[in-house]
Amino acid sequence: TYVDLRASLKAINNHPGYWSLISSFGLLGFMFQEPRRGVIGGNLRFWRKRHLDFQEAGIDVISHTSFFPNVASRLIIADTAVIKDITGNRVRFPKPSYDALRVWGANIIASEGEEWKRHRKVSAPAFSEPNNRLVWTETVKIMMDLFENLWGSREEIAVDHVVDSITLPVALFVISVAGFGRQVSWQSDLVPSPGHKLSFKDALHVISVDMWIQIFSPKFLWNSAPLKRIADVKLGYEELEQYMLEMVQERRTAEKKEECYDLFSNLLDASDSESDGSVRLTDRELLGNIFIFLLAGHETTAHTLAFAFGLLAMHQDYQEKLYQHIKSVVPDGRLPTYEEMNSLTECMAVFYETLRLFPPVQSIPKVAAEDTTLVAADHAGNKVVIPVPRGTELQLSVISVHRNPRYWDDPHAFKPERFHGNWPRDAFLPFSSGARACLGRRFFETEGIAILTMLVLRYKIELKDEPEFAHETYEERWQRLFKLKPVITIAPARLPLVFKKR
Ligand code: HEM
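Residues numbered from 1 in each chain as written. Predicted model: local features only at pLDDT ≥ 70, side-chain atom pairs only at ≥ 80, totals over all residues.

(A) Quick look at unusual backbone geometry. With omega at 5°, the peptide bond leading from Phe-68 into Pro-69 counts as cis. Within the secondary structure, Pro-69 is located in the loop between β3 (61-68) and β4 (72-77). You will see that Asp-410, though not glycine, has its phi angle at about 45°, which is positive. Among the structural elements, Asp-410 can be located in the loop between α16 (398-402) and α17 (441-458). (Helix = DSSP H or I, 4+ residues; strand = E, 2+ residues; numbered from the N terminus.)

What follows is the structure, encoded as C-alpha cells:
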C-alpha cells in the first residue's frame, strides 16, 4: 500500500494537498461526511474549510490522496483557467462512469462519447422556448393554488422546514406538469389510477425523497428490499415506470395529436421524428432521460429555492429592495407574465448569489482519458505544470471556486448586487460549463423567478420565532440556518421560516 501510495503521488509530481484514510468523494465521501484529520476526507470538507486548503498549498489545484476505496491521488481544482481547460475538452477529460444513474436505461447524464452526443442531440431541443413559457405559466398557477387554496386567508404561515413543506412539493409539481405533462397539486391526484397502487404524485414524491437509496444501494439489497423504506421506494419506481409506459402508449396511439410542450412530449416527438434511425431513442432511453430530468431538476431546484428564502429572511433590507423592484416591474397586483421575466433582474441576482454561496452540486467529477498535464499559476504568479496520468480523477470544486477570494470580494457574504454589471463569469459554475453544462438552467431560472416574484409580492419571508435562539449573533444564526445535509445534492438540514401577508 505504501509503495502504491508513493507511486500515485510521484505520478502527479508530489503535488501538495491532503491525505486521509477514506476518500472525500464517491459513496464513502457521502457516508462519512464530516472531515476528520487523516482519517476521513469528508464530503463536507470544502464547506467547512472553504478556500483554506488552497491557501495553505499556495495554489488553486491541490491533491487528495486516500487509501479507501483504493489507493489513489486525485486533483481538486479551484482555478478557473484550469477548469476552463478541462470543461472545454470533453475528449481529454470525460466524465467518469455514472452507471448508478442508469436506473431505467441509458440517458444523457450517465453517458459519454458518441452515446452522449446522441442523447444530447435529442434532449437539448426539448428545453425549447415553448417549454420555458409552459414552465412560467404552470408555476404561476401552482403558486396561486398555494396562496388561494392552501394558505387561504391566514395572515401568517409558519413552517418547520421550508424544503419539506413548500419548495420540494412546488418543484415536484412544476417538473410533473412541465416535465412529464401531468398536472398535480396539493389537492389533486389523491388516489391511484386504475391498475396502480400509488397515484402518479405519490410515486413521484416517494422517489424524489428517497431516490438516493436506489442510487447507493448494492444490487442485492435493492432486489430483496428487506426494509420497508427500501420496499416503498422500489414500489415508487415500479409505479412511475408503469405510468410512463402508459403515457408513451397513450401518446403514440392518440388519434388527434395535441400540442404539448412538456419535456416528455418534446422528447417523444424528437425521438419519433428522425427517419434515418441515427438519433432515435428507444422507449427505455426515453424513460431513462425523462427520469434523469426529474433527478437533475427537482432537488437542485427545491434546495436553491430554500436557500434563497433563508437568505432573504436573514437580510430584510435586501428583501425590501427586491420587493420594491418586483413592484416596479409588476405594479398593479396582476399576475407577472413570461415577457417580464428578463426585467426581473433583482430576482436573478438573488438566485445567482444563492447558487454562488450554496451550489447544490458542490463538485463536478472528470477523469483524464490520456496521460496529460494541467498548467496552473501558483499564488505568487509562477507557472506550475502538473503531470496527470491517464485515469486520474479530477474534481472541479465548485464551492471552492465560489469562495475563492481571488475571484470574489468578501466571498462568504450575501451580496446579490455583485451580479449587476461586470462579474467573473468563469468563476460562476453552479451549472458546470462547456459541452456538459446543465441543460435545465433556463428551466430552473424561469421557475425560480416566477416563484420568487409571486411570493415576495404577496408575503414577507421571515425567520420563525424560536425563543431558544433569540440571542444568537448573525454568524451563529447563519451557521444554524445553513447547516448542510448532503442528500444527492447539498440541502439545508432544517430551515424554519414564516410567511407573513403584506
Ligand atoms: C438550481 C438548479 C440546477 C442546478 C444547480 C443544476 C446543476 C447541474 C450541473 C452542475 C450539471 C453537470 C453535472 C455533471 O457534470 O456531473 C447539470 C447537468 C444537467 N442538468 Fe442541471 N441543474 C439544475 C437544474 C436542472 C433542471 C431543472 C433540469 C431539467 C429539468 C436539469 C437537467 C440537467 C441535465 C439533463 C444535465 C446533463 C447535461 C449533459 O450531461 O449533457 N438541471 N446540472
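Following the structure, the description resumes.
(B) Structural context of the UniProt feature "binding site: heme" (unreviewed entry) in the protein. When the UniProt feature table is mapped onto this chain, "binding site: heme" (unreviewed entry) is found at Cys-438. Within the fold, Cys-438 resides in the loop between α16 and α17. Excluding anything up to four places from it in sequence, Cys-438 contacts Phe-431 and Ser-432. (UniProt positions renumbered as here; feature names shortened; annotations may be inferred. Contact = placed C-beta atoms within 7 Å.)

(C) A look at the sheet that holds strand β1 (residues 17-22). On the basis of which strands lie adjacent, the open sheet formed by 6 strands has the order β2-β1-β3-β4-β9-β6 and mixed pairing. With partners counted over all chains shown, the strands left at the sheet margins are β2 (38-40) and β6 (363-367), one partner each. In this sheet, neighbouring strand axes are inclined to one another by 30° on average, regardless of whether the strands run parallel or antiparallel. Sheet contacts for helix α5 (residues 80-87): β3, β4, β6 and β9 (393-397); angle to β9, the most-contacted strand, approximately 125°. (Pairing = 2+ DSSP bridges. Axes fitted to C-alpha atoms, helices over the stretch in contact; angles between N-to-C directions.)

(D) Main features of the site of the ligand. Taken together, 23 residues sit near the ligand, with Ala-296, Gly-297, Thr-300, Cys-438 and Gly-440 positioned nearest. Of all the elements in the fold, those that place two or more residues in the shell around the ligand are α13 (283-314) and α17. By residue number, the principal contributor to the shell around the ligand is α13, which donates 6 residues. (Near = placed C-beta within 6 Å.)

(E) Spotlight on the domain arrangement of the protein. If you check the domain split of the protein, you get domain 1 (2-104 + 362-427) and domain 2 (118-181 + 260-358 + 432-501). Computed from C-alpha coordinates alone, the two centres of domain 1 and domain 2 are separated by 28 Å. Opposite the 23 residues of domain 1 that make contact, domain 2 presents 22 residues. Across the side of domain 1 that touches domain 2, the residue classes break down as 10 nonpolar, 7 polar and 6 charged. (Domains from an automatic or database assignment. Nonpolar A, V, L, I, M, F, W, Y, C, P; charged D, E, K, R; others polar.)

(F) Geometry of the sheet that holds strand β10 (residues 459-463). The 3 strands are arranged β5-β13-β10 in an open sheet whose pairing can be described as antiparallel. If you trace the sheet from one side to the other, it starts and ends with β5 (156-159) and β10, each paired once. Ignoring strand direction, the axes of neighbouring strands in this sheet form an average angle of 20°. Looking at chain direction, β5 and strand β13 (residues 497-501) are connected through 4 bridges and run antiparallel. The partner of Ala-158 across the bridge, within β13, is Val-498.

(G) Representation of the pairing of β9 within the structure. Within β9, 4 of the 5 residues are buried, which leaves it mostly tucked inside the rest of the structure. When β4 meets β9, the two strands line up parallel, connected through 3 bridges. Within the sheet, the bridge partner assigned to Ile-76 lies in β9 and is Gln-395. Pairing of β6 with β9, which is carried by 5 bridges, proceeds in the antiparallel orientation. Bridging from a neighbouring strand, Pro-365 pairs with Gln-395 of β9. (Buried ≥ 20, exposed ≤ 12 C-beta atoms within 10 Å, placed from the backbone.)

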